[in-house]
Amino acid sequence: MSLTIRKAIVLGLIGSILLLGNILLVANWLVERGVVDWARHLRAEYLTGTAITIIVVLLILLVSPKAGALVRRCPVCDHVLLSRGKYCGECGSKV
Ligand SMILES: [Zn+2]
């Protein structure tokens, strides 16, 4: 973790604490600005249950299959690797 990231985390924490302390003020300001009504309109118009389901499914499908794969497969013959060994039991190539 680099120093810049740490600084950003600390600044973000301070910012969110200040925001939380004044949350009613911020909420009232947003209502006055019409942001809340606009967001409500957006939610009613575009964020229906179907749309949320589609977005979630797309996010799951877009995740790289290698990162969340439960089964390991041989890169050469695509045989499912049952053991934790370094070599494929089917074709003998290194995994
Ligand atoms: Zn193989």
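Please read these numbers as outputs of a predicted model, since none were measured by experiment.

Focus on the overall build of the chain
- Tallying secondary structure elements over the chain gives 4 helices and 2 strands in all.
- Counted from the first residue to the last, the chain has its helices and strands arranged as α-α-α-α-β-β.
- Since a compact globule built from 95 residues should have a radius of gyration of about 12 Å, the 24 Å found for the chain marks it as more spread out than a globular shape.
- For the C-alpha atoms alone, the extent of the chain along its principal axes is close to 70 × 40 × 15 Å.
- For the chain, with 95 residues in total, the buried portion stands at 4%.
- Within the chain, contacts between residues at least 6 apart in sequence are counted, and of these 0% link residues at least 24 apart.
- Accessible surface, the chain: about 8,600 Å² in total, of which carbon and sulfur atoms supply 68%.
- On the chain, the mean spot of the 11 positive side-chain charges and the mean spot of the 5 negative ones are 17 Å from each other.

Digging into the coordination of the zinc ion
- Coordination of the zinc ion by the protein involves C74 (SG), C77 (SG), C88 (SG) and C91 (SG), with metal-donor separations of 2.3 Å.
- Metal-centred angles of 107 to 113 degrees between the 4 donor atoms at the zinc ion mark the site as tetrahedral.
- Donor residues for the zinc ion, ordered by position in the chain, follow C-x2-C-x10-C-x2-C. You can see C74 sitting in the loop between β1 (72–73) and β2 (80–81) and its partner C91 sitting in the segment after β2, a full 17 residues away along the chain.
- Take C74: its relative accessible area is 1%, and that puts it in the buried class.
- Residue C91 is classed as partly exposed on the basis of its relative accessible area of 39%.

Overview of the pattern of salt bridges
- Applying the stated criterion across every chain, the model contains 2 salt bridges.
- We note a salt bridge from R40 to D37, for which the minimum N-O separation is 3.8 Å. With a gap of 3 residues between them, R40 and D37 both fall in helix α3 (residues 35–46), about one helical turn apart.

What counts and how
- All residue numbers refer to position in the chain's written sequence, counted from 1.
- With the structure being a predicted model, the display of local features is reserved for residues of pLDDT at least 70 and the display and counting of side-chain atom pairs for 80 or more, all residues being used for whole-chain, interface and lining totals.
- The basis for every side-chain value is the complete set of non-hydrogen atoms in the structure, without hydrogens or water.
- Runs of H or I in DSSP of at least four residues are treated as helices and runs of E of at least two as strands, each being numbered from the N terminus.
- With C-alpha atoms as the basis for the radius of gyration, the globule rule is written as 2.2 Å multiplied by the number of residues raised to the power 0.38.
- With a 1.4 Å probe rolled over the protein chains alone, any residue whose accessible area is under 20% of its type maximum counts as buried; one over 50% counts as exposed, and the rest are partly exposed.
- Residues count as neighbours in contact if any of their non-hydrogen atoms are within 4.5 Å of one another.
- All accessible areas in this document rest on Shrake-Rupley with a 1.4 Å probe, and a residue is counted as covered only by the protein chains that are shown.
- A positive count includes Lys and Arg, and a negative count includes Asp and Glu. His and the chain ends are not counted in either.
- Note on charges: their place is set at NZ of Lys, CZ of Arg, CG of Asp or CD of Glu.
- Think of the donor list as every N, O and S atom within 2.8 Å of the metal, or within 3.2 Å for Na, K and Ca; water never makes the list, so a site can look incomplete.
- Every angle between 85 and 135 degrees makes a four-donor site tetrahedral, while opposite donors more than 155 degrees apart, with all other angles between 65 and 115, make a four-donor site square planar and a six-donor site octahedral; other sites are irregular.
- One side-chain nitrogen of Lys or Arg within 4 Å of one carboxyl oxygen of Asp or Glu is enough to make a salt bridge.

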